[in-house]
Amino acid sequence: MGFRKLINSKKLLSFFAAFMLLGTNLLMAQTAAAGAAQEEAPKVDWTGVAYYVAIFFLICLGIAIVGKILKIYDLTLKMQGKKGIKWNNIMAVICIIFLLAGLYGSYWSFTEQGSMTLPEAASAHGVKIDEMFTVTTVLTMIVFFVTQILLFTFLFRYRHSDKRRAHFLPHNNTIEKVWTIAPAIVLTILVVFGFFTWQKIMNSENLKDDINIDVTGHQFAWELRYPGKDGVLGPKDFRLVTGANNLGVNFKKKSSFDDLKVDTMYLPVNKSIRLNILAQDVIHSVYMPHFRVQLNAVPGLPTFFKFTPTITTAQMRTKLDDPKFEYTLYCNKICGGSHYNMQKVVRVVTEAEYQSWLSRQKPYLNDALRKELHFAAANSEQSGASTNRIALNN
Amino acid sequence: MSTLAVHDHAGTHHDEHGHEHHHDQSFLSKYVFSMDHKMIAKQFLITGITMAVIAMILSILFRIQLAYPDKTFPLLTTLLGRFAPNGRISPDFYLALVTIHGTIMVFFVLTAGLSGTFANLLIPLQVGARDMASPFMNMLSYWFFFLASVIMLSSFFVQKGPASGGWTIYPPLSALPKAMPGSGEGMTLWLISMVLFVASSLMGGINYVSTVLNMRTKGMDLWKMPLTIWALFLTAILGILAFPVLVAGVVLLIFDRSVGTSFYLSDIVLNGVQQPFEGGSPILFQHLFWFLGHPEVYIVIMPAMGISSEIMSVNSRKPIFGYHAMVYSLIGITVLSFIVWGHHMFVTGMNPFLGGVFMITTLIIAVPSAVKTFNWLATLWRGNIRFTPAMLFAIGMVSFFISGGLTGIFLGNAALDINLHDTYFVVAHFHLVMGSAAIFGMLAGVYHWFPKMFGRMMDEKLGYLHFWLTFICAYLVFFPMHFMGLDGVPRRYYAFTEFASMQKWLTINTFVTWAAIIAALTQFGFLYNFFVSIFKGRKATQNPWESNTLEWTTPVEHLHGNWPGEIPTVYRWPYDYSKPGAEEDYIPQTVPYSQTMSSNVPHDFEDNPVGLEELNKFTSTLKANEQVK
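About the thresholds
Residues numbered from 1 in each chain as written. Chains lettered and ligands numbered in written order. Predicted model: local features only at pLDDT ≥ 70, side-chain atom pairs only at ≥ 80, totals over all residues. Heavy atoms only, no water. Helix = DSSP H or I, 4+ residues; strand = E, 2+ residues; numbered from the N terminus. Rg over C-alpha atoms; globule rule 2.2 N^0.38 Å. Buried < 20%, exposed > 50% of the residue type's maximum accessible area, 1.4 Å probe, protein only. Contact = heavy atoms within 4.5 Å. Areas by Shrake-Rupley, 256 points an atom, 1.4 Å probe, with all protein chains shown as cover. Lys, Arg positive; Asp, Glu negative; His and termini not counted. Charge placed at Lys NZ, Arg CZ, Asp CG, Glu CD. Axes fitted to C-alpha atoms, helices over the stretch in contact; angles between N-to-C directions. Parallel < 35°, antiparallel > 145°, perpendicular 65-115°, else oblique. Left-handed = near helix turned anticlockwise from the far one by under 90°. Nonpolar A, V, L, I, M, F, W, Y, C, P; charged D, E, K, R; others polar. Polar contact = N/O pair within 3.5 Å; in protein donor to acceptor, adjacent residues only side chain to side chain. Salt bridge = Lys/Arg side-chain N within 4 Å of Asp/Glu carboxyl O. Pairing = 2+ DSSP bridges. Patch = residues over 30% accessible without salt bridge, like charges linked within 9 Å, V, L, I, M, F, W, Y side chains within 5 Å. Core = buried A, V, L, I, M, F, W, Y, C linked by side-chain atoms within 4.5 Å. Expected span 1.5 Å × (residues − 1). pLDDT = per-residue confidence, 0-100. Phe/Tyr/Trp six-rings, centres within 6.5 Å; stacked < 30°, edge-to-face > 60°. Lys NZ or Arg CZ within 6 Å of the ring centre and 35° of its normal.

A few words on the overall build of chain B. If you tally the helices and strands in chain B, you get 17 helices and four strands. Radius of gyration (C-alpha) of chain B: 26 Å, near the 25 Å computed for a compact globule of 629 residues. Residue burial in chain B is summarised as follows: out of 629 residues, 69% are buried. Restricting the contact set of chain B to residue pairs at least 6 apart, pairs at least 24 apart contribute 76%. Roughly 19700 Å² of accessible area belongs to chain B as shown, and the carbon and sulfur atoms make up 67% of that amount. For chain B, the separation between the mean place of its 33 positive charges and that of its 36 negative charges on side chains is 6 Å.

Let us look at the packing of helix α2 (residues 37–67) of chain B against helix α5 (residues 135–154) of chain B. Residue and element names in this part refer to chain B. At a closest axis distance of 10 Å, the pairing of α2 and α5 adopts a crossing angle of 15°. Comparing the axis directions of α2 and α5 gives the class roughly parallel. You can see that α2 and α5 cross each other, and the crossing is left-handed. Here α2 contributes H37, I40, Q43, F44, T47, M51 and I54 to the contact with α5, which in turn contributes P135, N138, M139, S141, Y142, W143, F145, F146, S149 and L153. Class assignment for the residues of the contact of α2 with α5 results in eleven nonpolar, six polar and no charged.

On the secondary structure map, N88 of chain A appears in helix α4 (residues 87–112). Looking at N88 of chain A, its side chain comes within polar contact range of the main-chain nitrogen of F387 of chain B, at 2.6 Å.

Once that is clear, we can look at the packing of helix α4 (residues 91–127) of chain B against helix α7 (residues 227–258) of chain B. Residue and element names in this part refer to chain B. Two elements in contact, α4 and α7, have axes separated by 9 Å at closest approach and are oriented at 130°. Taken together, α4 and α7 sit at an angle that is classed as oblique. When you trace α4 past α7, the crossing you get is left-handed. Residues F107, T111, S115, F118, A119, L122, I123, Q126 and V127 of α4 lie in contact with α7, whose contacting residues are T228, I229, L232, T235 and F243. Residue composition of the contact of α4 with α7, by class: nine nonpolar, five polar and no charged.

Glancing now at the interface of chain B and chain A. The partner chain A presents 113 residues to the 134 residues of chain B that form the contact. Taken together, the links from chain B to chain A amount to two salt bridges. Residue R239 of chain A is joined to E278 of chain B by a salt bridge in which the shortest nitrogen-to-oxygen separation is 3.5 Å. At the boundary of chain B with chain A, the tally comes to 38 residue pairs in polar contact (both at pLDDT 80 or more). In terms of residue count, helix α15 (residues 460–486) of chain B provides more of the side of chain B that touches chain A than any other element does, twelve residues in total. Its residues placed into classes, the side of chain B that touches chain A shows 81 nonpolar, 32 polar and 21 charged.

Attention now moves to the sheet that holds strand β3 (residues 260–262) of chain A. Residue and element names in this part refer to chain A. Pairing within the open sheet is mixed, and its five strands lie in the order β3-β2-β1-β5-β8. Taken across any chain shown, the strands that pair with only one partner, and hence form the sheet edges, are β3 and β8 (303–307). Neighbouring strand axes in the sheet, compared pairwise and without regard to direction, differ in orientation by 25° on average. Here helix α8 (residues 351–359) sits on the sheet and contacts β1 (211–218), β2 (221–226) and β3; the angle it forms with β2, its principal contact strand, is near 100°.

The next point concerns a positive patch on the surface. Taken together, K68 and K71 of chain A together with K461 and R538 of chain B make up a surface patch of like positive charges. Relative to the elements of secondary structure, R538 of chain B occurs in the loop between α16 (506–536) and α17 (609–628).

All names here are of chain A. In terms of residue burial, strand β7 (residues 293–297) counts as a mostly covered element, since five of its five residues are buried. Across five bridges, strand β6 (residues 284–288) lies against β7 in antiparallel orientation. Looking across to β7, one finds that M288 is bridged to V293. The antiparallel hairpin formed by β6 and β7 contains four residues in its connecting segment, where R292 sits at a positive phi of about 60°.

Under the defined criterion, the tally for this structure stands at 20 salt bridges over all chains. Close ionic contact of D585 of chain B with R317 of chain B constitutes a salt bridge, the shortest N to O distance being 2.9 Å. One end of the pair, D585 of chain B, is in the loop between α16 and α17; the other, R317 of chain B, is in the loop between α8 (282–316) and α9 (323–336), and 268 residues separate them in sequence. Under the relative-accessibility criterion, D585 of chain B is labelled buried at 14%. Assessed through its relative accessible area of 0%, R317 of chain B is described here as buried. Close ionic contact of R572 of chain B with D576 of chain B constitutes a salt bridge, the shortest N to O distance being 2.8 Å. Overlapping salt bridges, with partners in common, bring together D214, R225 and D259 of chain A in one network.

Moving on to the nonpolar core. Residues Y226, L275 and M288 of chain A are the most contacted members of the largest nonpolar core, which totals 294 residues. For this core, the leading source of residues is α4 of chain B, giving 23 residues. With sequence-adjacent residues up to four places away left out, M288 of chain A is seen in contact with M265, L267, L275, V293, F307, T328, L329 and V346 of chain A. In this structure, L247, V249, F251 and L369 of chain A belong to the second largest nonpolar core, which totals six residues.

Quick look at helix α12 (residues 389–412) of chain B now. In this model α12 of chain B runs 34 Å from its N-terminal to its C-terminal C-alpha over 24 residues, within 8% of the 34 Å that 1.5 Å per residue would give. By the criterion of burial, α12 of chain B is predominantly enclosed, with 23 of the 24 residues buried.

Our next topic: the confidence of the model for chain A. In low-pLDDT segments, the atomic positions of the prediction should not be examined closely. Residues and elements named next belong to chain A. When pLDDT is averaged across chain A, the result is 85; 83% of the residues are at 70 or more. Note that residues 24–38 has pLDDT below 50 and, in this model, six contacts with residues that lie over four places away or in other chains. Predicted confidence for residues 378–394 stays below pLDDT 50, and this span has 22 contacts to residues more than four positions away or in other chains.

The next thing to look at is the environment of T76 of chain A. Residues and elements named next belong to chain A. Following the sequence through the fold, T76 ends up in helix α3 (residues 46–79). For the pair T76 and N270, spaced 194 residues apart in sequence, the C-alpha separation works out to 78 Å. Polar contacts involving the side chain of T76 include one to the main-chain carbonyl oxygen of I72, which spans 2.5 Å.

Before going further, it helps to examine the side chain of S200 of chain B. Residue and element names in this part refer to chain B. Structurally, S200 can be placed in helix α6 (residues 185–214). Judged by relative accessible area, S200 falls into the buried class, the value being 4%. What S200 contacts, discounting residues up to four positions off in sequence, is S141, F144 and F145.

The next thing to look at is the environment of H125 of chain A. Residue and element names in this part refer to chain A. Examined against the element boundaries, H125 turns out to sit in helix α5 (residues 124–157). With 75 residues separating them in the primary sequence, H125 and K200 have C-alpha atoms 8.1 Å apart. From its side chain, H125 meets the backbone oxygen of F291 in a polar contact 3.4 Å long. For H125, the side chain forms a polar contact with the main-chain oxygen of R292, separated by 2.7 Å.

Turning our attention to the sheet that holds β6 of chain A. All names here are of chain A. In spatial order, the strands read β4-β10-β9-β6-β7; together these five strands make up an open sheet with mixed pairing. Looking at strand neighbours, the two that pair on one side only are β4 (265–268) and β7, the edges of this open sheet. The mean angle between the axes of side-by-side strands here comes to 20°, regardless of whether they run parallel or antiparallel. In the sheet, strand β9 (residues 327–331) pairs with strand β10 (residues 344–349) via three bridges, with the strands oriented antiparallel. Of the residues in β10, the one forming a bridge with Y327 is V346. Of the strands in this sheet, β4 and β10 are in contact with α8, which crosses β4 at around 140°.

Turning our eyes to something else, we now look at the packing of aromatic side chains. According to the stated counting rule, one finds 88 aromatic pairs over all chains in the structure shown. Between F291 of chain A and Y327 of chain A the ring centres are 4.5 Å apart and the planes differ by 40°, which places this aromatic pair in the tilted class. Placement of F291 of chain A in the loop between β6 and β7 and of Y327 of chain A in strand β9 is noted, with a sequence separation of 36 residues between them. There is no split in this pair, since F291 of chain A and Y327 of chain A are both buried. Judged by centre distance (4.8 Å) and plane angle (70°), the rings of F467 of chain B and W468 of chain B are edge-to-face. For W468 of chain B, a relative accessible area of 9% corresponds to the buried category. The ring of Y593 of chain B carries the charged tip of R572 of chain B above its face, separated from the ring centre by 4.2 Å.

The following block contains the structure:
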């Protein structure tokens with residue numbers, strides 16, 4: 001069906017008119033019904049839909065009319081013995097316009113949206129990541145702008161002409177060697193820097209004054225456990241999980257007795273933090289972008305991430321001129337319906353504030369758990385025997 | 001209805017002297033259960049387009065949620081029923097939408113739709129074979145794909161909806177049927193669909209490799225194959241080696257789901273209940289998945305590279321620059337793509353040393369990619385460029401490949417990946433480099449080979465409109481996403497406005513959604529052009545683009561067996577465009593050197609026994625004639 005047929009089609013016009021009328025009717029029906037029963041399920045606002053569909057068809061119609069006009073103009077030119085519209089040249093010109101608009105758009109995007117990105121890293125290793133990021137951005141953006149400019153300039157400059165022939169150049173070994181070796185060198189630089197930065201960040205050496213914090217993910221919350229006065233977190237076992245002992249802390253070990261259960265993650269500034277990352281059900285991911293921290297929480301595979309926060313929440317609020325600013329811990333691995341809202345506030349405070357906060361936290365071993373443990377102790381044999389090893393591979 | 005067709009017997013019909021006989025074909029055997037590679041190509045294409053439209057609509061649905069996270073749309077309830085109660089898509093269905101959108105686009109459109117279409121169409125036509133090595137298996141390949149598509153879509157009609165654990169279906173979400181609504185029957189159907197899909201890919205891949213290796217016409221040595229064939233051939237090898245690993249992973253996953261094994265599960269408490277799994281590791285599945293998953297992104301992009309190379313050469317009327325380098329870079333990418341999978345797992349808790357190793361291999365793969373980009377630019381340099389819609393889409397592919405490829409350098413760097421992993425930066429990166437670039441490669445191929453498939457031409461002006469609107473909108477959609485990622489906005493968040501720090505992105509998200517809607521509506525213009533042109537398009541000539549490759553030597557009307565007589569002999573490489581001394585600005589591969597004496601150069605005969613033999617014969621005839629005179 002050509003455009004003419006489409007535009008002149010009586011069936012199409014009738015359908016279109018019926019559609020619009022239907023929209024009006026539905027609108028009236030809905031208005032009347034709205035007063036009668038407001039609690040009913042919301043009805044479709046066909047008028048709204050019809051409005052957008054009508055706009056779409058009008059745009060299509062507009063494009064078709066412009067197309068027709070261009071075609072007539074083209075035919076007129078040809079009848080006058082001319083060559084007609086030079087679409088090839090028009091495309092070449094659009095290429096150069098796209099290049100200029102694109103360059104400006106990229107610049108605008110970098111300045112406007114670039115300024116909305118994360119502030120400076122609030123952790124010691126984050127600074128290294130940011131340096132690496134700057135180096136990579138500079139190198140890649142040079143390549144980005146040069147290659148895109150060449151691409152679209154060539155398109156404009158070498159657009160088709162009947163008067164000349166393309167240059168026959170099947171290969172040039174020297175040039176090919178240059179543009180194989182040059183990226184290889186640049187990438188080697190990035191690889192070397194990246195490799196050493198990565199090794200430093202992933203340094204897993206345990207220090208005595210590391211603050212150990214357990215972060216356990218489950219659908220759909222994070223549980224935090226801090227060590228008590230002994231500075232040691234008690235061991236855990238998923239087979240010990242009960243209603244009151246929802247993390248499965250093993251209270252046969254003394255180190256568990258003084259562990260603390262907290263709601264908000266407080267971190268002392270400039271202290272080495274070791275997050276012990278665990279999951280109970282599916283994979284979650286601890287993501288704290290301001291600290292440049294991310295590591296998956298995998299059931300059955302405890303992981304850890306070490307970092308040192310360097311900017312307190314109060315300092316960051318001043319820097320950003322945002323009195324409500326909070327560091328946040330997200331879940332960054334798809335984990336179910338409420339994955340999008342699995343957040344935890346993280347506060348970086350001074351050592352004194354941290355100690356003061358810590359002294360106010362309640363122990364994990366609360367009254368309900370004591371009661372339950374007493375009950376559980378009588379049945380310890382039963383609970384310990386639940387090693388149901390069905391796996392074929394262990 | 002019956003038509004006269006040429007049918008060949010297996011084992012005898014693929015040499016150029018193979019006998020042919022004619023018999024009637026029914027509607028079913030010609031259009032439905034066809035064994036003709038050209039018809040199978042069309043079947044793959046139209047099914048791929050259908051799946052692409054579905055995936056596109058799914059993406060618009062979840063983009064509406066992202067643009068208007070706090071508003072209600074009663075129409076959504078009418079359309080989606082229980083999946084969108086109270087005029088809003090439910091969080092679980094949102095995840096299902098992103099999961100199925102990703103699955104369909106990666107596997108059903110960009111793998112089967114792209115490779116299935118162009119490998120089927122071009123391999124026999126461009127290497128000079130009458131059909132695939134095994135036409136029956138080729139037909140089965142399509143029907144397995146079709147069945148996989150139907151099963152994947154049918155998951156929308158099971159009670160709890162389709163799989164919703166992301167297109168990577170990481171366990172335990174995929175292994176515990178009670179983990180979320182999308183872990184139930186929908187996930188089972190996803191797994192069944194994928195096993196059938198892999199079977200289809202393997203049958204297709206084996207056919208492509210066998211055909212390229214065994215059935216090339218006389219003179220068509222490997223170094224005379226068009227880059228499309230090289231790309232499709234290497235893609236098929238990638239698929240054959242990588243897909244079975246996914247099947248192995250999926251089978252173990254099915255065991256974990258149904259039989260009670262613990263390959264991927266350990267230490268799990270679900271809804272307060274301890275699960276009897278010990279000793280497994282979800283990370284094992286990720287290793288198996290990404291062993292396919294990363295080569296998969298090259299399975300997606302390499303055919304687009306081959307198609308674009310071919311089209312850029314034809315339309316800039318220049319030889320592709322550095323043909324050998326282009327082939328070696330494809331081979332390099334093929335080999336390297338198998339040892340980079342770990343970069344998807346930098347933050348899984350994998351041994352950090354291993355992370356360092358994968359970072360090195362990942363960044364090395366940028367070298368062959370850079371070589372390809374520079375060679376494309378050199379191909380355009382001093383060309384005589386014709387802007388057909390196909391050419392524009394090929395150029396768009398290069399532009400996206402540059403933009404998306406460069407951001408891959410950030411993600412391949414383990415240190416940077418700590419902060420960028422699973423954010424919108426990743427979404428922007430892969431949608432440019434393998435989403436948009438591959439789709440543009442595919443569309444370039446559709447516009448370029450439409451006359452070969454349907455014997456008619458598509459409307460050029462609509463093609464121009466299609467290109468510019470899609471190209472601009474794709475950049476408008478994906479460019480800003482980089483910055484969202486740099487602000488640490490995680491992907492797959494149903495309502496990011498729940499976080500105070502992310503609310504500033506609402507305007508951008510609304511803008512992106514409208515750009516996506518315009519891009520989607522533009523595709524309906526393409527569909528109109530495509531389907532109307534099949535029946536009403538201007539009739540095509542035999543070689544409308546003045547191209548050198550063999551497919552344009554076949555008749556416009558399709559013939560089962562491709563060439564009515566003998567298969568033509570190939571004398572030269574496919575990129576003799578604008579050769580100095582030649583009368584025309586193109587010399588088809590079937591033109592002997594003896595007919596182009598004024599344009600021959602010594603390089604033409606290096607490692608070219610057929611050309612050399614033919615030239616010697618010609619020279620001795622010339623001498624003999626002179627002696628007679």
